[in-house]
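Survey of secondary and tertiary structure
Below, each chain spelled out in residue letters.
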Amino acid sequence: MTAVSGANCAVVIAIIMLIGARLRLGRLRLGRGARITLSLGVLLGFVVLVTPEPSVLRAAVMAAVLLIGLGIGRPGRGLPLLALSVIVLLATDPWLSRSYGFALSVLATGGLLVLAGPLTRSLARWLPTGLAALIAIPLAAQLACQPVLVLLSPTFPLYGVPANLLAEPAAPLATVLGLAACLVLPWLPGVAGVVLWAAWVPSAWIAAVARTAAELPGSSLPWLGGPLGVLVTLVLTAAVLVLLLRQGTRTGSRAGIGERMGGRDGDAGSRGARRTRSTLDGWSAVALVVLVLVVGGYAGTLIGKGIGRALTFPADWQIAACDIGQGDAVVVRDHGTDRDRFALVDVGPDPKPLKQCLRSLGIDRIDLLVLTHYDMDHIGGIGAVIGRVGTALVGIPENAQDERLHARLTEGGAEVRQAAKGDAGTLGGLRWDILWPVPGGSEMQTGNPGSVTIEFDGRGIRSVFLGDLGEDAQVALDRVSAPGRVDVVKVAHHGSRDQSPQFYAELHATVGLISVGADNGYGHPTASLLDLLRSVGTLAVRTDRQGLSVVAPAAAGGGALTVWTEKGG
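So, here is what we can say about the structure in this document. Quick caveat: nothing in here was measured; it's all calculated off a predicted structure.

All right, on to the overall build of the protein then. Assigned secondary structure in the protein consists of 18 helices and 19 strands. The contacts in the protein between residues at least 6 apart in sequence include a share of 62% that link residues at least 24 apart.

Our focus in this paragraph is empty space enclosed by the protein. The final tally for this structure, using the stated rule, is one cavity of 30 Å³ or more. Estimates place the volume of the largest cavity at around 40 Å³. Every residue lining the largest cavity is listed: Thr 372, His 373, Tyr 374, Gly 395, Ile 396, Glu 398, Gln 445, Thr 446, Gly 447 and Gly 450. Here the lining of the largest cavity is composed, by residue class, of two nonpolar, seven polar and one charged.

Across its 15 residues, helix 4 (residues 78-92) extends 21 Å between first and last C-alpha, which sits within 8% of the 21 Å expected from 1.5 Å per residue. Where helix 4 is concerned, the buried positions are Leu 81, Leu 82, Ser 85, Val 86 and Leu 89. Buried residues of helix 4, seen end-on, are gathered within an arc of 130° and therefore sit on one face of the element. What points out from helix 4, more than 90 degrees from its buried face, is the exposed set Pro 80, Ile 87 and Ala 91. Contacts from the buried residues of helix 4 go to helix 3 (54-71) and helix 5 (100-123).

Once that is clear, we can look at the pairing of strand 10 (residues 415-418). Alignment of strand 9 (residues 389-394) against strand 10, held across four bridges, turns out to be parallel. Within strand 10, the position partnered with Thr 391 by the bridge is Glu 415. Crossover handedness for the path strand 9 to helix 14 (residues 400-411) to strand 10: right-handed.

With that settled, consider the sheet that holds strand 11 (residues 424-427). The strands making up a sheet associate through backbone hydrogen bonding, with each pair oriented either parallel or antiparallel. If you trace the seven strands from one edge of the open sheet to the other, you get 11-12-13-14-15-16-17, paired in mixed fashion. The strands lining the two open edges of the sheet, one partner per strand, are strand 11 and strand 17 (539-542). Adjacent strand axes in the sheet meet at a mean angle of 20° when their direction is disregarded. Pairing between strand 15 (residues 488-490) and strand 16 (residues 511-514): three bridges, direction parallel. By the bridge assignment for strand 16, Val 489 is matched with Gly 512. Packing of helix 15 (residues 471-481) onto the sheet brings it into contact with strand 12 (430-436) and strand 13 (453-458), and relative to strand 12 it is tilted by some 120°.

By volume, the largest pocket is sized at about 1,800 Å³. For the largest pocket, the lining is made up of 42 residues, of which Thr 155, Ser 220, Pro 222, Gln 356 and Glu 566 are closest to its centre. Every element with two or more residues in the lining of the largest pocket is listed here: strand 4 (220-222), helix 11 (263-312), helix 12 (351-360) and helix 18 (543-546). Among the elements that make up the lining of the largest pocket, the one with the highest residue count is helix 11 (eight residues). A class-by-class count of the residues in the lining of the largest pocket yields 19 nonpolar, 14 polar and nine charged.

This brings us to the packing of helix 5 against helix 6 (residues 129-152). Axis separation between helix 5 and helix 6 bottoms out at 7 Å; the angle between their running directions is 145°. For helix 5 against helix 6, the interelement crossing comes out right-handed.

What follows deals with the sheet that holds strand 10. Taken in spatial order, the eight strands of this open sheet run 10-9-8-7-6-5-18-19, and their pairing is mixed. For this open sheet the edge positions go to strand 10 and strand 19 (561-565), each flanked by a neighbour on one side alone. The average undirected angle you get between the axes of adjacent strands in this sheet is 20°. Two elements, strand 7 (residues 340-345) and strand 8 (residues 366-371), share three bridges in a ladder whose sense is parallel. Its bridge partner lying in strand 8, Leu 344 is registered against Leu 369.

This brings us to the state of the cysteines. Counted according to the given criterion, the structure contains one disulfide. Here Cys 322 connects covalently by a disulfide to Cys 357, the sulfurs 2.0 Å from one another. Residues Cys 322 and Cys 357 share a disulfide whose torsion about the S-S bond is about -75°; that sign makes it left-handed. Of this pair, Cys 322 sits in the loop between strand 5 (319-321) and strand 6 (330-335) while Cys 357 sits in helix 12, placing them 35 residues apart in sequence. Cys 357 gets classed as buried once you look at its relative accessible area, which sits at 7%.

Residues spaced three or four apart along an α-helix face the same direction, because each turn holds 3.6 residues. Among the residues of helix 15, Ala 473, Gln 474, Ala 476, Leu 477, Asp 478 and Ser 481 are the ones counted as buried. Lining the buried residues of helix 15 we find strand 12, strand 13 and helix 16 (501-507).

What follows is about a nonpolar patch on the surface. Nonpolar side chains collect at one region of the surface, where Leu 224, Leu 228, Leu 231 and Val 235 lie side by side and expose about 350 Å² of accessible area between them. Relative to the elements of secondary structure, Leu 224 occurs in the loop between strand 4 and helix 10 (226-254).

This paragraph deals with unusual backbone geometry. Glycine aside, residues mostly have negative phi angles, and peptide bonds mostly take the trans form. Omega for the bond connecting Trp 436 with Pro 437 falls within 30 degrees of zero, at 5°, which places this linkage in the cis form. Along the chain, the position of Pro 437 falls in the loop between strand 12 and strand 13. Within the chain, His 494 stands out as a residue other than glycine whose phi angle is a positive 60°. Positive phi values are uncommon outside glycine, yet His 508 reaches one of about 45°. Here His 508 is to be found in the loop between helix 16 and strand 16. Look at His 508 and you get partly exposed, because its relative accessible area is 33%.

About the criteria used
Residues numbered from 1 in each chain as written. Predicted model: local features only at pLDDT ≥ 70, side-chain atom pairs only at ≥ 80, totals over all residues. Heavy atoms only, no water. Helix = DSSP H or I, 4+ residues; strand = E, 2+ residues; numbered from the N terminus. Contact = heavy atoms within 4.5 Å. 1 Å grid on protein atoms, 1.4 Å probe; cavity = no way out; pocket = protein on both sides within 12 Å on 5 of 7 lines; lining within 4 Å. Points joined across faces, edges and corners; volume = space filled by probe spheres on them. Nonpolar A, V, L, I, M, F, W, Y, C, P; charged D, E, K, R; others polar. Expected span 1.5 Å × (residues − 1). Buried < 20%, exposed > 50% of the residue type's maximum accessible area, 1.4 Å probe, protein only. Arc of directions from axis to C-beta. Pairing = 2+ DSSP bridges. Right-handed = clockwise from strand over helix to strand, strands pointing away. Axes fitted to C-alpha atoms, helices over the stretch in contact; angles between N-to-C directions. Left-handed = near helix turned anticlockwise from the far one by under 90°. Disulfide = S-S within 2.5 Å. Patch = residues over 30% accessible without salt bridge, like charges linked within 9 Å, V, L, I, M, F, W, Y side chains within 5 Å. Areas by Shrake-Rupley, 256 points an atom, 1.4 Å probe, with all protein chains shown as cover. Salt bridge = Lys/Arg side-chain N within 4 Å of Asp/Glu carboxyl O.

The following block contains the structure:
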């Protein structure tokens, strides 16, 4: 959580104050003013060292205000300190108001200040106080931040609180050791190396917890996005807080005015306590109804979608376009008698959505990987398949970074081969042929124009994958390796306007798969491309609106296709 920045600043200041209290200059001990000044200096250095990110700035300014208050004898309290820090930072840099990092840092800190104590007392009714506090801290931060997190990613982190609970104890240790190593490095590099190695241990633990939580089933449950998602999250959060905190408040009301008094005042106090309990019970009932309706409706939706997918998903699917955002990651499957074999054309921009897609399709091993070219929206997700690839067909490397990518694949056990026109092979019962680029050519060999273009044929479907070829490259490909009519085309460059109408007319595909991200900023797919597909009788299937999209031979045969999409439409 972003509140970790505050914990790190607190650890640094605590160390300096403790050391300063025991430090002597001759016969003089450092006074409080000198220790505070020293702490402010070290705090400034710490911000420079870790870079002044919005969450770090919030924590540092809040710590500085606290130190100044201590110096003048006016120590502040949590919420006023947070409010003053926010005012100072926004007055200095109003653009911070648009920063998700700043908003999450403020909300997490506010959640800890307002909710951690009451949640601890509430949970302590069932758990030991120490354990209740450990759970309450990440829970308070998560509840406070979740409405904003929904805007960043419309998902619900099922394991967020347990992951933070496991990772938090290691954060201060990593901070202290890392800072010590930085301070020692200029003078004793050997000692600094040992300290850095020690700092690696808690850092590796934090990373391992994050990776494990992200890879667990259901780690990111789908959720509503946009303003509606925020509103539903706020309502759900309020209901959870009412139910968690009501018992403590009811206990407080029973111990309130009149419980230990006699006579009329005692009777009046008892009547007031009964009214308070009645009001609390009313709000608790409302919260419980809201929670049951929201959670029940959500669970029913997930179960219904699962059942609907199980009933409608084509068992003999052959092509699947993963919903991985603005990028390409399309699977080709041979449904063989002994075992299924899989090819993957590009890996998208990010390993996480690709892993989720492969997991949902039941894919553990990639027999054939095709990397059409080296743009990040086509190779950024390579981490999802390293160690799981049999053969990799790649384009001409353009720099040392591309060479390192080949080396990573080789180290993971893949056979890496540079692909060009004339290369061919089989994927079980499917034949594949490389149509482009032309070996030995002097033009259009790298980048978008040099995208490795592959054709698959067999099991009733003929398909071609165009990478990011532009119009000129499409015309050149058509001249030297005209693919003719196909059943499925992976539309070039996410549906940009740089397309050859004649080429698509000759393909005359039944289905055009457009792998594209929602609200991508490029205007993909363009209206001209969609009009082009419509004019040649090609059905446009786009992942931004329809999610995971698969194509299978229709039961009727005769070249007919079945198209299944995750989101319908």
